[in-house]
Amino acid sequence: MTTQANAQVPDGCAFVIFGVTGDLTHRLVIPALYNLAEANLLPEKFCVVGITRKDMSSEDLRASLMQGLQKFATRPVDQEIADKLLYCVTSVSADPSDPASFDRLRERLEKLESSRNTGGNRLFYLATPPDAFAPISAELGRAGLLKEDGSAWRRLVVEKPFGTDLASAKALNDHLLSIVTEHELYRIDHYLGKETVQNILVLRFSNGMFEPIWNRDHIDHVQITVDEKLGVGHRGSFYDKTGALRDMVPNHLFQLLSLVAMEPPAHFNAHSVRSAKADVLAAIQVQREDEALRNSVRGQYIAGKVDDTEIPDYRSVKDVAQGSTTETYAALKLTIDNWRWAGVPFYLRTGKALGTKRTEVAIKFKQAPFAMFRCTPVEELSQNYLVIGIEPVEGIALQFNTKIPGPTIAIDGVEMTFRYKDYFKVAPSNGYETLLHDCMIGDNILFQRADGVEAGWRAVQPFIDAWAKAGAQGLQSYKAGSEGPEDADALLTRDGRNWREPG
Ligand SMILES: NC(=O)C1=CN([C@@H]2O[C@H](COP(=O)(O)OP(=O)(O)OC[C@H]3O[C@@H](n4cnc5c(N)ncnc54)[C@H](OP(=O)(O)O)[C@@H]3O)[C@@H](O)[C@H]2O)C=CC1
Ligand SMILES: O=C1O[C@H](COP(=O)(O)O)[C@@H](O)[C@H](O)[C@H]1O
């Protein structure tokens, strides 16, 4: 994430994609590379090596990627730029279960590097299902593909999910860090590619007015909401093993939480920013399992309608186990054990097949201490929220009370809003451009570090364990198209608080 006005063009390199035939590559990676090409942010000395276990010609691969680009591009496709990008793509077969194929890959890569004059710099992007991360990286290491060579760099990019619990995340960290250094490793969380998420850093640390009130003296609580309208769709097999908690909380919701709650980093660099984020994640209180049960709600959707679309019962989705107890909704109450946040609860919720699509962080300030205006009791005054809209509303809103014009004092809540679309005219991106560009220029600031990942899993582990033991007990049903299980409201009302209404 550059702070300069002119973004840096990366060094020449080979961009090697494992899982090139998959959905992520077609939907996000190639369209993001296209957007970088259009912005002149790809190096001239560049090649894309698409790895597949199939026998696929480069022509067929290019045709398939072009189709994906036409379908998923965020901007009108300029055919000349697209052709130039796809001309750089070569298909190579390699399968981690066949070590010899990685030796052949090394030879092919060396030839391509020399014909494209890429300087030997290599980026390996693992856009495969997560169970392939360890075998592929092991083979890359064994075949010497990640071995440093003079000044040429090597980087390994790993998609999410990073582990399925604390133990597996630790094991994956240990494995990967036995092959590459932390600096060469890029753990992607696509939330950090969103402009609105990156802006949390800028909002907090480029404006003097927030820091003095950004603490337990002025903030009552924080709400982090990631509500989705989409159901599980065709991802039953992945989702039923994963659930809402693992799928969203230790990664995306904790990225939001850490940006909102971290201490000011000493420097704007990967070490300082990631240390501050890891510190605050490590300060989340690790609850006992009985506390985790009391401080959480989980739900599963049943058939209903989202807008005009009928959503079938979660349990009827293909590849979802009969009688599955996997949660499609999770709400948690967490506390952060440090001086800034002592006594300030963080309420997190996320779910699928809900009535509203909304990703936001709402910071609720403490009420005015005294009801000078007798027209409205202080507890009935509208609440003071600073709302950071991530999606679909991209912007920032401040809610406060104001006098209703007229001869008497009457008070109403109003909202002051900033919307990106009103201020900035930028070509729409898909969120991966910044991340891919950063990998190529060697900036890890927007990528997760081992300690941050493990601290996140440590905080959610008691919920995973307690829910696994409880099984169906305590799992609420909610209708698709609703706002989630009713008990989610109780998580706040028992503390004398409410979830912020949409809008
Ligand atoms: N799709 C999306 O929108 C998003 C996906 N992700 C993450 O990206 C990764 C890829 O997701 P997605 O593209 O949807 O997945 P896909 O199921 O589409 O698989 C990607 C490709 O990986 C290859 N592959 C599968 N198993 C192995 C294996 N054991 N060894 C080597 N290659 C293998 C296959 O290619 P072949 O058969 O040709 O070898 C397959 O086409 C996942 O980790 C996912 O969580 C993250 C955010 C969004
Ligand atoms: O990683 C994932 O994120 C998406 C939500 O991403 P968003 O950018 O649309 O908010 C979620 O739907 C998916 O289940 C999860 O795997």
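Residues numbered from 1 in each chain as written. Chains lettered and ligands numbered in written order. Predicted model: local features only at pLDDT ≥ 70, side-chain atom pairs only at ≥ 80, totals over all residues.

Quick word on the environment of Asn-40
Heads up, the condition is: Going along the chain from the N terminus, every DSSP run of H or I of four or more residues is numbered as a helix, and every run of E of two or more is numbered as a strand. Here a residue counts as buried when 20 or more other C-beta atoms sit within 10 Å of its C-beta, as exposed when there are 12 or fewer, and as partly exposed otherwise, the C-beta atoms being derived from the backbone.
Along the chain, the position of Asn-40 falls in the loop between helix H1 (23–38) and strand E2 (46–52). The exposure class of Asn-40 is exposed, given the 10 C-beta atoms found within 10 Å.

Focus on the site of ligand 1
For clarity, the threshold we go by: Here, nearness means that the C-beta atom of a residue, built from backbone geometry, sits within 6 Å of the molecule or strand in question. Residues are grouped as follows: Ala, Val, Leu, Ile, Met, Phe, Trp, Tyr, Cys and Pro are nonpolar; Asp, Glu, Lys and Arg are charged; every other residue, Gly included, is polar.
Lining the immediate environment of ligand 1, one finds 21 residues, of which Gly-19, Gly-22, Leu-24, Thr-52 and Arg-53 sit closest. Tallying contributions element by element places H1 first for the shell around ligand 1, with 3 residues. Looking at the shell around ligand 1 residue by residue, the classes come out as 9 nonpolar, 6 polar and 6 charged.

Quick word on the sheet that holds strand E15 (residues 395–403)
Applied cut-off: Here the rule is simple: two strands pair whenever DSSP picks up at least two bridges between them. Helix axes are fitted only over the stretch in contact, all axes being lines through C-alpha atoms; the angle between N-to-C directions runs from 0 to 180 degrees. By definition, residues are in contact whenever their C-beta atoms, placed on the basis of the backbone, come within 7 Å of each other.
Read across the sheet, 9 strands follow the order E16-E15-E14-E13-E7-E12-E11-E8-E17 without closing on themselves; strand pairing throughout is mixed. The sheet is open, and its two edges are formed by strand E16 (411–419) and strand E17 (475–479), each paired on a single side. Averaged over all pairs of adjacent strands, the angle between their axes in this sheet comes to 20°, without regard to strand direction. Of the pairings in the sheet, the one linking strand E14 (residues 385–391) to E15 comprises 4 bridges and is antiparallel in character. Note on E15: the bridge partner recorded for Val-387 is Ala-397. Against the sheet, helix H7 (residues 195–205) engages E14 and E15, with an angle of about 145° to E14.

Focus on the pairing of E15
Counting the residues that bridge the hairpin from E14 to E15 gives 3 residues. Judged from the 9 bridges that link them, E15 and E16 form a sheet pairing that is antiparallel. Bridge pairing links Thr-402 to Asp-412 in E16.

So, the UniProt feature "binding site: substrate" (unreviewed entry) in the protein chain
Heads up, the rule is: UniProt positions are given in the numbering used here, feature names are shortened, and annotations may be inferred rather than shown by experiment.
Under the local residue numbering, the UniProt record ascribes the feature "binding site: substrate" (unreviewed entry) to His-190, Lys-194, Glu-228, Asp-247, Lys-352 and Lys-357. Not counting residues up to four positions away in its chain, the partners in contact with His-190 are Gly-431 and Tyr-432. Within the secondary structure, Asp-247 sits in helix H8 (residues 236–261). Not counting the four nearest positions on each side in its chain, Asp-247 is found in contact with Tyr-239 and Thr-242.

Thoughts on the pairing of E14
Along E14, 6 of the 7 residues are buried, which leaves the element largely enclosed by surrounding structure. Relative to E14, strand E13 (residues 358–365) is paired through 6 bridges, and the arrangement is antiparallel. Each residue of the ladder has a partner; that of Ala-362, found in E14, is Val-387.

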